[in-house]
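# Understanding the architecture of this molecule
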Amino acid sequence: MAKQITIDEAAKLVKDGMTIMIGGFMGCGSPHKIIDKLVESGVKNLTLICNDTGLVDYGVGKMVVAKQFKKIYASHIGLNPEAGRQMTEKEVEIVLVPQGTLAERIRSAGAGLGGFLTPTGVGTTVQEGKEVITVEGKEYLLELPLKADIAIVEAGKADKAGNLQYHGSTKNFCELMVTAADITIAEVREVVETGEIDPDFVHSPGIFIDYIAGGN
């Protein structure tokens with residue numbers, strides 16, 4: 001059963017040097033309250049796995065501006081010019097990963113797979129440093145799993161067992177990320193009694209959730 005904690009307590013679980021996943025798509029579905037606390041904490045030398053780097057004043061972009069990351073895996077950084085500047089000036093290492101590949105690498109970690117084969121990126125800079133495997137005459141890249149020490153997501157509702165329900169497109173990467181980290185924290189808007197969420201609308205089962213933060 002997930003443990004209910006405060007936003008402050010959730011932020012304190014993130015330590016210098018950790019690899020963290022943060023849910024969200026351009027800030028939609030990101031754990032904004034925990035992000036703000038992480039900026040306040042000054043935690044540093046983190047590796048980030050996220051769809052994008054947010055905006056300079058919204059979502060995980062606030063942490064980018066605060067220079068809290070040493071390495072970032074993302075599918076794009078175009079909405080945050082500070083991320084681009086840091087990459088150009090070599091202040092942070094940014095690994096750009098095709099969006100579908102990023103999702104599948106996270107899913108592979110959650111499913112306990114050793115990786116997967118994809119034709120995406122063959123013959124491009126994406127191929128650099130990766131193993132190429134030929135299957136029935138066609139070349140594929142071997143993409144390895146992405147796992148984190150902590151995954152932090154946002155959900156509209158949780159029950160006291162940790163079952164999560166997301167609202168609309170806020171689920172984006174969150175469903176995958178909660179399966180692919182040693183510790184998972186869900187920032188939630190509402191906490192209800194166990195059983196109040198219709199089983200058909202449980203998007204992330206409580207077995208994947210270690211902590212729920214916030215709510216009523």
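Now for a description of the structure that goes with this document. (Residues numbered from 1 in each chain as written. Predicted model: local features only at pLDDT ≥ 70, side-chain atom pairs only at ≥ 80, totals over all residues. Heavy atoms only, no water.)

### Things to note about the side chain of Glu 143
Mapped onto the fold, Glu 143 is located in strand 8 (residues 138–143). Setting aside chain neighbours within four positions, we find Glu 143 in contact with Thr 101, Arg 105, Gly 115, Phe 116, Thr 118, Val 126 and Lys 130. (Helix = DSSP H or I, 4+ residues; strand = E, 2+ residues; numbered from the N terminus. Contact = heavy atoms within 4.5 Å.)

### Brief notes about the nonpolar core
If you look at the biggest cluster of nonpolar residues, it comprises 29 residues, and the most contacted ones within it are Ile 20, Met 63 and Phe 69. Those elements that provide at least two residues to this core are helix 1 (7–12), strand 2 (19–22), helix 2 (32–41), strand 3 (46–49), helix 3 (61–65), strand 4 (69–74) and strand 9 (148–159). Beyond its immediate stretch of four places on either side in the chain, Ile 20 contacts Val 14, Leu 46, Thr 47, Leu 48, Ile 49, Met 63, Phe 69, Ala 148 and Ile 150. Membership of the second largest hydrophobic core comes to 28 residues, among which are Val 97, Ala 158, Cys 174 and Ala 186. (Core = buried A, V, L, I, M, F, W, Y, C linked by side-chain atoms within 4.5 Å. Buried < 20%, exposed > 50% of the residue type's maximum accessible area, 1.4 Å probe, protein only.)

### Some remarks on helix 5 (residues 99–111)
Here helix 5 spans 18 Å end to end across 13 residues, near enough to the 18 Å set by a 1.5 Å rise per residue. The complete set of buried residues in helix 5 reads Thr 101, Leu 102, Ala 103, Arg 105, Ile 106, Ser 108 and Ala 109. Those residues of helix 5 hidden inside the fold are in contact with strand 2, strand 3, strand 4, strand 6 (116–118), strand 8 and helix 6 (174–177). One or two steps after helix 5, the chain reaches Gly 112, where phi turns positive at roughly 75°. (Expected span 1.5 Å × (residues − 1).)

### What to know about the pattern of salt bridges
A side chain of one charge can pair with a side chain of the opposite charge if their charged atoms are brought near each other. Applying the stated criterion to the full structure yields 14 salt bridges. Among the charged side chains, a salt-bridge network with shared partners connects Lys 67, Glu 82, Arg 85 and Glu 91. (Salt bridge = Lys/Arg side-chain N within 4 Å of Asp/Glu carboxyl O.)

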